[in-house]
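Here is how the chains run, residue by residue.
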Amino acid sequence: MSTPAAAPPLPIHTAIDRPHFALQFDDYHQQYDACVLGMWVFLVTEVMFFGAIFTGYAVYRMLHHDAFAMASNELDITLGTINTFVLLTSSLTMALAVRAGHVGNSKRVGQLIVLTMILGATFLGIKFFEYYHKYEDHMAPAFGLPFEAPKAVNDAGLAGPFQLFLSFYFGMTGVHALHMIIGLGLLSQFLPRSSRIAPAPGAAVLSALNIEVVGLYWHFVDLVWIFLFPMLYLIDRSDTI
Amino acid sequence: MSAAQASLKTYFTVYALLIVGLAATVAVAFVHLGFWNLPAALAIAFFKATLVVLIFMHVKYSPRLTWIVVSAGLIWFAIMLALTIADYVSRSWIPERPYSVQPTEPQGLEPPRSFQTPGNKAAPTAKAQ
Amino acid sequence: MSATLEAPAIPPATPPTRLPRNYLNAAYTVRSWLLTIDHKRIAILYLLGVTVFFCIGGAAAVLFRLELMTPEADLVESETYNKLFTLHGVMMIFFFLIPAIPAVLGNFLIPIMIGARDMAFPRINLLSWYLFMIGGAFTLFVTVAGGVDTGWTFYAPYSSTYSNTYVMATAVGIFITGFSSILTGLNFIVTVHKMRAPGMTWFRLPLFIWSHYATALIMILGTPVVAMAILLVALERGFGIGIFDPKLGGDPILFQHLFWFYSHPAVYIMVLPAMGVESELIAAFTKNRIFGYKFVAFSSLAIAILSFLVWGHHLFVSGQSIYAGMIFSMLSMLIAIPSAIKVLNWTATLRKGSITFDTPLLYALGFIGLFTLGGLTGLFLAAMGIDVHVHDTYFIVAHFHYIMVGGTVMAYLGGIHFWWPKITGRMYPEGWARLSAVLVFVGFNLTFFPQFILGYNGMPRRYHVYDPGFQVLNVMSSAGASILGIAYLFPITYLIWSLKYGPIAGPNPWNAVGLEWMTSSPPPTHNFAHTPIVDFEAYEYPSSSAAIADTHGN
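Residues numbered from 1 in each chain as written. Chains lettered and ligands numbered in written order. Predicted model: local features only at pLDDT ≥ 70, side-chain atom pairs only at ≥ 80, totals over all residues.

It is worth spelling out the overall build of chain A at this point. Of the regular secondary structure elements, chain A holds 7 helices and 0 strands. Each helix and strand of chain A, ordered N terminal to C terminal, gives the series α-α-α-α-α-α-α. Taken across its 241 residues, chain A has 51% of its residues classed as buried. Taking the intrachain contacts of chain A between residues at least 6 apart in sequence as the baseline, contacts between residues at least 24 apart amount to 76%. (Helix = DSSP H or I, 4+ residues; strand = E, 2+ residues; numbered from the N terminus. Buried ≥ 20, exposed ≤ 12 C-beta atoms within 10 Å, placed from the backbone. Contact = placed C-beta atoms within 7 Å.)

Set out below in structure tokens:
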């Protein structure tokens, strides 16, 4: 939604020359409001998108509580906590980048965006390490890979729902990771621009809008994880100690 | 609308609260609360999410329309979750033939038992005799 | 030209020898079309797309209606039959009915009706057309490669595990098209909120805008859910991740919940825009302000909101809890209220109107009758007792075709005729148009009314071998379908003909009120020479000053 960085080329140019915002808008404020509202509406669709899989998760957790608890305890809580920490920190750097964009400090924007991207990449790295670990433990229920539930689960006759949990784990974190990758893409596209075109007149306000919009997206991805983490990693941890 | 911006201090405070929330949610998970583990985890998650939405995503400083959009997302998710869960919760409630509690003696021609409902429990026939 | 109320009075003096610059003759290259960000050109692109998909879906219908002439399987095998009705459903629902009115008429008219130069996000608008076409291409591939036999509903676990047809490709196609729909809805919402011309308050908006706004809400809130449901089926089928697999303890009914959470509101994505068109047509051809403007406006929103509370009536016999069924049954009945408000207000608008029976009004009147019949039979289906009896019979088929074909397609055709002079600058041939409107109405009723009787007598849907006792009604239905098929070819033919030979229309051939009639036909690229200042109410016809005072006095 990084709408109009520059006025899009149109078949016919009208007499009105508006260098700093797209032609369909009357002024910069209208464009700003429209873009931010557009991002929010998009985020609502994302809420419903993730909401659907959360609904499925809730239903299955209710139906197969014991198996879900056993499977949740197979996840690496240390890595999960570190990852949450990393993502929350990236949210802070993103928020600061947005703020720097609004006050027109484009050098600071560049630094903070780099930092945000490093943190995002770290998150993905840890996530894929966890995936690999699950694959090695034969707990990746996809592509017909070997799948073995632990003996306790098999003895309880819960191998099926155990696998369901891991399906949800991979499905939910996978879709989340996909959003992270898209977020990194948005940020990277945005990174050179924010530092390079700053001197052009009006570009500073524009990049403030772009950062604001991308920032909203990034925070949303963070929000999803805030819910994913306790839902996936923290079921009935107390019973295992 | 871009004018109102939180101060740096606010951002760092929020960040600190988020980290505290993270620590709390992990810690609470290891305390045996039985049923209440889930509500506790959800409450902390909602607390963290509210902070992010209000401060990091500037909703606190946004026009009413943004509030409406955000709440629409929440309400519709709640509708989906509530009505779906309602089905799963109440599926086991189907009573075992509640109307066969008082069996009536077979009296001449009457519909088979499976068609009987409380309304047509062969009452007219009984009255006629 | 000034955008005040006197504007409609300006007649087209003489057809100008050289057409003024407009969005059609602004540029002629293929590139100028494929990379256009003009909402009007994108609407034309959509028009081409949906027409192609409509023809494919219609061809499938013709084939299986032919097959259904006889009780035996003589024309096609069972598998082919399954693929045909699936193709018909997928094409018609995802690629025609859902995008038809919003993406063609909505795209064209929304910015003009609110006095904007374009959508809020023109490039996203173009992107959504490309997504639509890419999704369509997947489905076309499926059609050519061998079809898919799950029905348009993709119920798990058949779709996720057992079907041996091209489920994945279809799922990907529908997933992508879903995003096209989401982006269109997003654009509508932001445009209506942020792009209105000065003076265009919410209660001066045409009802077309209100109903499209409500439609956009459903697109935004519902489509992501079906996207996720289909994604889960695709994950299960393609990656072997079990989600709905009963062998693992999964619950296939969960799929039905997620699917119908979108797909029931999707019915209102199809019919709400049709209701918007209907309001415009009724007002323009009675020269009356729509009776109870605010009630009609808010009933659109009420339908959009209620539509999300009723999906469980598709699950009455699927193993859903009986208590959930009762709640859903009750909520489903509620939808009748706002729908009835609309129908009653349209009929009240006809009263004392100066009615001219031009083609668009013929379609509009057809809409009222057919939609009412479809809506009332919907009440039968909302009642659990009757639904259990007629579930999965032709009664259902007839019911939703009365809503979708009798409602949406009639309104779509009426709208296309009404705004054709605005879109192309040319009038269509009125005589042919009236003839085809009548033919569509007759053919439609002959096709689908017998299906009510068939269904009530117990003929199940999706079967192609049936009891010989049903044959008479089936032959009637097939005969009606062939009339309907031919009747649909008429508009396609004469509308194309009119592009070259139709009389020049002028800015306001219907003497209607509304911003779209105050600009030239076809409109210039940026819709208006100057941003209009709106100082008049919606449907401010000379006869309706009292009605307007009524609305605003209270």
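This part takes up the overall build of chain B. Helix and strand counts for chain B come out as 4 helices and 0 strands. Burial status across chain B gives 23% buried among its 129 residues.

Right, let's get into the interface of chain C and chain B. Put simply, an interface is often sized by how much accessible area is lost when its parts join up. Each partner contributes residues to the interface: chain C has 13 residues there, and chain B has 12 residues. Of all the elements in the fold, those that place two or more residues in the side of chain C that touches chain B are helix H7 (207-239), helix H8 (252-286) and helix H10 (322-334) of chain C. Top contributing element to the side of chain C that touches chain B by residue count: H10 of chain C, with 3 residues. Looking at the side of chain C that touches chain B residue by residue, the classes come out as 8 nonpolar, 5 polar and no charged. (Nonpolar A, V, L, I, M, F, W, Y, C, P; charged D, E, K, R; others polar.)

The next thing to look at is the confidence of the model for chain A. Note: predicted coordinates in regions of low pLDDT should not be interpreted at a detailed level. Residue and element names in this part refer to chain A. In this model, chain A carries an average pLDDT of 84, and 83% of its residues clear a pLDDT of 70 or more. For chain A, per-element mean pLDDT is lowest for helix H6 (residues 159-196), which scores 85, and highest for helix H1 (residues 28-63), which scores 94. Across residues 1-19, where pLDDT falls below 50, the model places 34 contacts with residues more than four positions away in sequence or in other chains. Within the model, the stretch residues 194-202 combines pLDDT values under 50 with 16 contacts to residues more than four positions away or in other chains. (pLDDT = per-residue confidence, 0-100.)

All names here are of chain C. Orientation of helix H2 (residues 39-67) relative to helix H16 (residues 471-501), taken along the N-to-C sense of each, is 155°, at an axis distance of 9 Å. Comparing the axis directions of H2 and H16 gives the class roughly antiparallel. The chirality of how H2 crosses H16 is left-handed. Counting all contacts with H2, which are made through Gly58, Ala61, Val62, Arg65 and Leu66, the residues of H16 involved are Ser477, Ser478, Ala481, Gly485 and Tyr488. For the contact of H2 with H16, the per-class residue count stands at 5 nonpolar, 4 polar and 1 charged. (Axes fitted to C-alpha atoms, helices over the stretch in contact; angles between N-to-C directions. Parallel < 35°, antiparallel > 145°, perpendicular 65-115°, else oblique. Left-handed = near helix turned anticlockwise from the far one by under 90°.)

All names here are of chain C. The N-to-C vectors of helix H12 (residues 359-382) and helix H14 (residues 394-424) enclose an angle of 160°; their axes lie 8 Å apart at closest approach. Considered as vectors, H12 and H14 are oriented roughly antiparallel to each other. Crossing hand, H12 versus H14: left-handed. Considering only residue class, the contact of H12 with H14 consists of 15 nonpolar, 10 polar and no charged.

Over its 13 residues, H10 of chain C extends 19 Å from the first C-alpha to the last, a length consistent with the 18 Å expected when each residue adds 1.5 Å. Residues of H10 of chain C that are buried: Ala324, Gly325, Phe328 and Ser332 of chain C. Projected onto a plane normal to the axis of H10 of chain C, the buried residues spread over an arc of 100° and lie on a single side. On its buried face, H10 of chain C is in contact with helix H3 (64-90) of chain B together with H12 and helix H13 (384-390) of chain C. (Expected span 1.5 Å × (residues − 1). Arc of directions from axis to C-beta.)

Taken residue by residue, the interface counts 41 residues in chain C and 36 residues in chain A. Every element with two or more residues in the side of chain C that touches chain A is listed here: helix H4 (122-145), helix H6 (167-194), H7 and H8 of chain C. When residues of the side of chain C that touches chain A are assigned to their parent elements, the largest contribution, 10 residues, is made by H7 of chain C. Residue composition of the side of chain C that touches chain A, grouped by class: 27 nonpolar, 8 polar and 6 charged.

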